[in-house]
Amino acid sequence: MAERLDHLESGIKSTKYTRVQKDKSTRLNMTINFDWCKGCGICIEFCPKDCFDISSINQPVMSRLEDCTKCMQCVYRCPDYCITIDEVDPDDDSREVA
Ligand code: SF4
Ligand code: SF4
């Protein structure tokens, strides 16, 4: 069950989350574009691993990227193309979180 995070407020444009895979072979990056997100909750509902929590304005918050299996349900089901996921070399800092 996704947790609701009431301390988050509007005004965030986008957020990038990142993790190095357990075998250190790749780095997983996820970006959520909050400018486009309308808070429909589809991504949260369809994530089979319950990776997201919910902000106070019903937008997704990636809280458990370590549980993500890259099933891409959140990417493909978002009607507004807000979420991207990619994998890069673990030493590639060019797409590191700002
Ligand atoms: S790719 Fe799949 S497991 Fe990962 S956050 Fe999206 S829906 Fe959840
Ligand atoms: S499915 Fe897309 S528009 Fe809907 S809450 Fe998730 S990121 Fe926002």
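See above for the structure.
Residues numbered from 1 in each chain as written. Chains lettered and ligands numbered in written order. Predicted model: local features only at pLDDT ≥ 70, side-chain atom pairs only at ≥ 80, totals over all residues.

Draft legend 1. Main features of unusual backbone geometry. Non-glycine residue D50 carries a positive phi angle of around 55°. Topologically, D50 is positioned in the loop between α1 (42–46) and β4 (52–55). You will see that Y81, though not glycine, has its phi angle at about 55°, which is positive. Here Y81 is to be found in the loop between α2 (73–77) and β6 (83–88). (Helix = DSSP H or I, 4+ residues; strand = E, 2+ residues; numbered from the N terminus.)

Draft legend 2. Spatial organisation of the nonpolar core. Core analysis: the biggest nonpolar cluster contains 14 residues, and I32, C43, F52, M62 and I83 have the highest contact counts within it. For this core, the secondary structure elements donating two or more residues are β3 (27–33) and β5 (60–62). Beyond its immediate chain neighbours, meaning those up to four positions away, M62 contacts Y17, M30, I32, C51 and F52. (Core = buried A, V, L, I, M, F, W, Y, C linked by C-beta atoms within 7 Å. Buried ≥ 20, exposed ≤ 12 C-beta atoms within 10 Å, placed from the backbone. Contact = placed C-beta atoms within 7 Å.)

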